[in-house]
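Letter by letter, the chains look like this.
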Amino acid sequence: MLSRVGNSIYWLGRYLERAENYARFLDVNFNLMLDLPQDLKAQWEPLVYATGDHELYLKKSNQFDRKSVIYFLTFDEDNPNSIFSSISYARENARVIRENLTKETWEKLNELYHFVKKRAEKKELGKEDPRVFFESIKNQILLLYGLADSTVARTEGWHFRQLGMFLERADKTSRMVDVKYHMLLPSPNWVGTPLDFLHWTALLKSVTAFNTYRRLYGNIEPSAVVEFLLLNKFFPRSVFFCIKEAERCLHNISGNKETGFRNSAEKSVGELRSKLEFTDVEEIIEVGLHEYIDQLQIKINQISNRINDNFFQIKDNFSIQNSVQE
Amino acid sequence: MDTNLYHPKGFYDEMFSSDGACRPHYCDFLEILKKTSAKKMAHLQHSANKTQVAMGMTFNVYHDNQGVEKILHLDIVPRIIAHAEWKHLEAGLKQRIYALNLFIHDMYNDQKALKDKIIPKDLILGSKDYLKACQGLIPPKDIWCHITGTDLVKDKDGEYYILEDNLRCPSGVSYMLESREIIKTAYPDLFNKLGVMPVSDYPAKLLKMLQFISNKDRPVVGVLTPGIYNSAYFEHSYLALQMGVELVSGVDLITKGKKVYMQTTKGLEQIDVLYRRIDDTFLDPLTFNPHSLLGVPGIFEAYKAGNIALANAPGTGIADDKAVYAYVPRLIKYYLGEEPILNNVPTYLCREEKDRQYVLDHIEDLVVKETNAAGGYGMLIGPKSTQEEHAKFRQLIKDNPTNYIAQPTLSLSTVPTWTEDGLEPRHVDLRPYILYGEDIEVIPGALTRVALKKGSLVVNSSQGGGSKDTWVLYSDEGNTPSI
């Protein structure tokens, strides 16, 4: 597979997953705010902090009201990570490598792009319940995954796309957990109250993990939720699960049937997988959840850079070309 | 729908003769039209447009702020060509391509036609399309023009005239193929009934031809594109997909030891054949335009060494210069010893004094074209222009006569076309595609371009033209022959 094509497929996977995760964040936060006691202000600021784009946001506005935050995360073209930007980039990557996609995948993605673009042109969701819109985005992206699942050959391209998807998902799940850090309780005395409970529940719902969590762990306990979302071996959106799958993708790409590594990307993903595999949640709490997640995200970025170095760097005859996506 | 309301207005109409009778090869289609309501037609047109957007069947328009992607409007009324008429066209096109290929070969090798004064030396050797780097070159299997899209029009006498030979990177074939798929859904019953020849095997034929020009048994083939911002990117990607080959751009390729390699996730892989959709002069900055960032440095050396085959061969542009065009009938006679089967449009060469004087005297009746412009730019349509414009072009011609040719204005034939006012005659041209591999093959279909503006003669997509699906019939007896 051409390096340039591999690069585009990898990023196609990342951007699609990013758009879907943003739709989840927003959907769940919207729901959560409906449940808040009347005297508490709605909290939209934590979402912006968790996405890591608060600096950009503050350049545009210092009000973290519902409308501005939803606009920023959904439609704002200046925000490179907004849903609209992510879907536009996903489609642009798809357009460049269209000959590598199935007809159905391309047409469905193109349709999704036009769907979001039409709304983006209106600049806001208006009177419509935004949850309907977010639901639709999630469903369309899940449909794309389903289409790919049953039509795409399990060759290199498939593994690069899965790799992008799983790394992005690991990053976004960790960011969701981090929302809780930013989500302020009125005072420390509120820990363990129904409001705290609501927050943790919302967090689980944002990654569609609520029912599974209940069945596996029972009571809503902060440390159990953290363990579930970061370390669980079986849940497909836990950070560990995603990193393990990413490692598998890299092994499929290099043809590495053994454990260990054949290149620096496999090495760094293997290191992280093994650390997560043998970590107890108590150790995480000890380091500090927010601090731990910061470190985790740095490592995920490193893995992505190593993937770029190993597979996507092309020697231009004119100059060295680097991936400009992030 | 009441088709009696349709009037060809004094032009040659492909469907109706001047007395209003339906031409025989269109009769079955007319029956369908009569049974179709205007509402249904509008609906068919609407869904055709929607399908094009959904498929991302778009082209880019330069200098247009309305967003870069546009669809090429596809009219739902097909252009139908009778079998016998097609056979005539086919024979004429084959003859022309044989002759042009010999001509290109001659120009870069023995230059017999120059020595025999069939065509002026300075016209060829002074042209910017003449690539000195190709002198003495013999391309694989002696083929230069592997893919051609020839433009033809029909005048009021009902005769075809060759308008232009496109031997560089003719585009539009993907529209021919995709339009057929869309139109098939609009008239599901008709194709079999009429016996419309299929075009869908074009990519397979193209691939076979590309493999043929390599010396290897299982050559690695690719399509070379300038990239996503090129107006024909959709087509490049479409053809690569349909052939199942890599779509590469300059940055994907690297040359080493006079061989060309693709940069893959597993390292370098040699590539043997490129269907290049980059202009000659951008192909290799080491040989041609040193400022080009699109091409592959060193690819021309690899080509000369026989390590990669290129289609079309570099240098073919010399044969589709608008001034050379005027000599093609003579070239056919010279190289093949045959009378041309298809006519040229009579052409006045401003470089020749007698012709120039005629053009200056009759500019208001003529179409003046720049010899090296494309896309309907740099031309004057005499009868539709003002006196100031006439004066301006007279001066342009006097200042630089070799840069201009002129032709009488033709009354392009019309085909019924679906418009806001129902069925209306609109002018069309015809671009069939010809492949030259083991033999020459004319694909039984074409891109029919249609001038959508009422009365307009300009069919270029960049100037508000649209397209029609083109149906070539298996036979004129109304039956599909048993195969």
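See the structure printed just above.
Residues numbered from 1 in each chain as written. Chains lettered and ligands numbered in written order. Predicted model: local features only at pLDDT ≥ 70, side-chain atom pairs only at ≥ 80, totals over all residues. Heavy atoms only, no water.

Before going further, it helps to examine the overall build of chain A. Scanning chain A for helices and strands turns up 15 helices and two strands. Against the globule reference of 20 Å for 326 residues, chain A gives a C-alpha radius of gyration of 20 Å, in line with a compact fold. Here chain A holds 326 residues, and the buried ones make up 57% of them. A separation threshold of at least 6 residues defines the contact pool for chain A, and within that pool the share at least 24 residues apart is 64%. Surface accessibility of chain A: about 14,800 Å² in total, with carbon and sulfur atoms responsible for 50%. Distance between charge centroids for chain A: 5 Å, based on 43 positive and 45 negative side chains. (Helix = DSSP H or I, 4+ residues; strand = E, 2+ residues; numbered from the N terminus. Rg over C-alpha atoms; globule rule 2.2 N^0.38 Å. Buried < 20%, exposed > 50% of the residue type's maximum accessible area, 1.4 Å probe, protein only. Contact = heavy atoms within 4.5 Å. Areas by Shrake-Rupley, 256 points an atom, 1.4 Å probe, with all protein chains shown as cover. Lys, Arg positive; Asp, Glu negative; His and termini not counted. Charge placed at Lys NZ, Arg CZ, Asp CG, Glu CD.)

Right, let's talk about a negative patch on the surface for a bit. All names here are of chain A. Together, Asp-280, Glu-282, Glu-283 and Glu-286 make up a negatively charged patch on the protein surface. For Glu-282, the position within the fold is in helix H14 (residues 281–287). Using a relative accessible area of 52% as the deciding quantity, one classes Glu-282 as exposed. (Patch = residues over 30% accessible without salt bridge, like charges linked within 9 Å, V, L, I, M, F, W, Y side chains within 5 Å. Salt bridge = Lys/Arg side-chain N within 4 Å of Asp/Glu carboxyl O.)

So, on to the sheet that holds strand S11 (residues 273–276) of chain B. Residue and element names in this part refer to chain B. Spatially, four strands are ordered S7-S6-S11-S12 in an open sheet, and the strand pairing comes out parallel. The open sheet has two edge strands with one neighbour each: strand S7 (246–248) and strand S12 (309–311). Sheet twist, expressed as the average angle between the axes of neighbouring strands with direction ignored, equals 30°. Against the sheet, helix H9 (residues 233–243) touches strand S6 (221–224), S7 and S11, its axis set at about 150° to S7. (Pairing = 2+ DSSP bridges. Axes fitted to C-alpha atoms, helices over the stretch in contact; angles between N-to-C directions.)

Turning our eyes to something else, we now look at the sheet that holds strand S17 (residues 404–408) of chain B. All names here are of chain B. Spatially, S14-S17-S15-S16 is the arrangement adopted by the four strands of the open sheet, whose pairing is antiparallel. Edge positions in the sheet fall to strand S14 (348–349) and strand S16 (379–381), since each of these pairs with one other strand and no more. Relative to S17, S14 runs antiparallel, the two being bridged by two bridges. Bridge pairing in S17 places Leu-349 opposite Ile-405. Sheet strands touched by helix H14 (residues 387–399): strand S15 (366–370), S16 and S17. Its angle to S16, the strand with the most contacts, is close to 135°.

Facing 27 residues of chain A, the contacting portion of chain B comprises 32 residues. Here chain A packs against chain B, burying approximately 2,500 Å² in sum over the two surfaces, 48% of which is carbon and sulfur. Our count for the contact surface shared by chain A and chain B stands at two salt bridges. For the salt bridge of Glu156(A) with Lys266(B), the shortest nitrogen-to-oxygen distance reads 3.6 Å. Our count for the chain A to chain B interface comes out at 10 residue pairs in polar contact (both at pLDDT 80 or more). When residues of the side of chain A that touches chain B are traced back to their parent elements, those giving at least two are helix H1 (3–34), helix H5 (83–96), helix H6 (103–122), helix H8 (156–182) and strand S1 (314–315) of chain A. Sorting elements by how many residues they give to the side of chain A that touches chain B places H6(A) first, with five residues. Considered class by class, the residues forming the side of chain A that touches chain B number 11 nonpolar, five polar and 11 charged. (Buried area = accessible area lost by both parts, 1.4 Å probe. Polar contact = N/O pair within 3.5 Å; in protein donor to acceptor, adjacent residues only side chain to side chain. Nonpolar A, V, L, I, M, F, W, Y, C, P; charged D, E, K, R; others polar.)

What follows covers the packing of aromatic side chains. A full pass over the atoms with the stated rule returns 34 aromatic pairs over all chains. Residues Tyr6(B) and Phe16(B) carry aromatic rings whose centres are separated by 5.4 Å and whose planes lie at 40° to one another, so their mutual orientation is tilted. One end of the pair, Tyr6(B), is in the segment before helix H1 (27–35); the other, Phe16(B), is in the segment before H1, and 10 residues separate them in sequence. On the numbers, 4.7 Å between centres and 50° between planes, the contact of Phe191(B) with Trp471(B) is tilted. Of the two residues, Phe191(B) is situated in helix H7 (residues 190–194) and Trp471(B) in strand S23 (residues 465–472); the sequence distance between them amounts to 280 residues. Judged by relative accessible area, which is 12%, Phe191(B) ranks as buried. Trp471(B) sits in the buried class, given a relative accessible area of 0%. Sitting above the plane of the Phe210(A) ring, Lys205(A) keeps its charged end 5.3 Å from the centroid. (Phe/Tyr/Trp six-rings, centres within 6.5 Å; stacked < 30°, edge-to-face > 60°. Lys NZ or Arg CZ within 6 Å of the ring centre and 35° of its normal.)

Okay, the packing of H6(A) against helix H2 (residues 38–55) of chain B next. Angle between the axes and distance between the axes: these two values describe a pair of packed helices. Two elements in contact, H6(A) and H2(B), have axes separated by 8 Å at closest approach and are oriented at 100°. The pairing of H6(A) with H2(B) is recorded here as roughly perpendicular in orientation. Packed against H6(A), whose contacting residues are Lys103(A), Trp106(A), Glu107(A), Asn110(A) and His114(A), the element H2(B) presents Val53(B), Ala54(B) and Met55(B) at the interface. A per-class count over the contact of H6(A) with H2(B) returns four nonpolar, two polar and two charged. (Parallel < 35°, antiparallel > 145°, perpendicular 65-115°, else oblique.)

Residues and elements named next belong to chain B. Between helix H13 (residues 353–361) and H14, the least distance of the axes is 10 Å, while the angle of their chain directions is 165°. The pairing of H13 with H14 is recorded here as roughly antiparallel in orientation. Where H13 crosses over H14, the two elements pack in a sense that is left-handed. Every residue of H14 that contacts H13 at Arg-356, Val-359 and Leu-360 is listed here: Arg-394, Ile-397 and Lys-398. Taken together, the residues that form the contact of H13 with H14 break down as three nonpolar, no polar and three charged. (Left-handed = near helix turned anticlockwise from the far one by under 90°.)

With that settled, consider the pattern of salt bridges. Under the counting rule described, the total for this entry stands at 51 salt bridges over all chains. Glu245(A) is the salt-bridge partner of Arg248(A), the closest N and O atoms lying 2.7 Å from each other. Of this pair, Arg248(A) and Glu245(A) are both found in helix H12 (residues 239–254), three residues apart, which corresponds to roughly one turn of the helix. Its salt-bridge partner being Arg431(B), residue Asp151(B) comes within 2.7 Å of it at the nearest N-O pair.

It is worth spelling out the environment of Gly422(B) at this point. You can see Gly422(B) is positioned in strand S19 (residues 422–431). With 304 residues separating them in the primary sequence, Gly422(B) and Ile118(B) have C-alpha atoms 51 Å apart.

All right, on to the pairing of strand S18 (residues 414–419) of chain B then. All names here are of chain B. Among the six residues in S18, six count as buried, and that is most of the element. Burial of S18 is two-sided: the residues Thr-414, Pro-416 and Trp-418 facing one way and the residues Val-415, Thr-417 and Thr-419 facing the other way are all buried. Pairing of S18 with S19 involves six bridges; the strand directions are antiparallel. The partner of Thr-414 across the bridge, within S19, is His-427. Connecting S18 to the next strand, S19, in antiparallel fashion are two residues.

It is worth spelling out H12(A) at this point. All names here are of chain A. Taking 1.5 Å per residue, 16 residues should reach 22 Å; H12 reaches 23 Å between its end C-alpha atoms and fits that length. Counting buried positions along H12 gives 12 out of 16 residues, so the element sits mostly inside the fold. Along H12, the residues that are buried comprise Val-239, Phe-240, Phe-241, Cys-242, Ile-243, Glu-245, Ala-246, Glu-247, Cys-249, Leu-250, His-251 and Ile-253. Lining the buried residues of H12 we find H8, helix H11 (222–231), helix H13 (264–277) and helix H15 (289–312). Backbone geometry just downstream of H12 places Gly-255 in the positive-phi region, at approximately 80°. (Expected span 1.5 Å × (residues − 1).)

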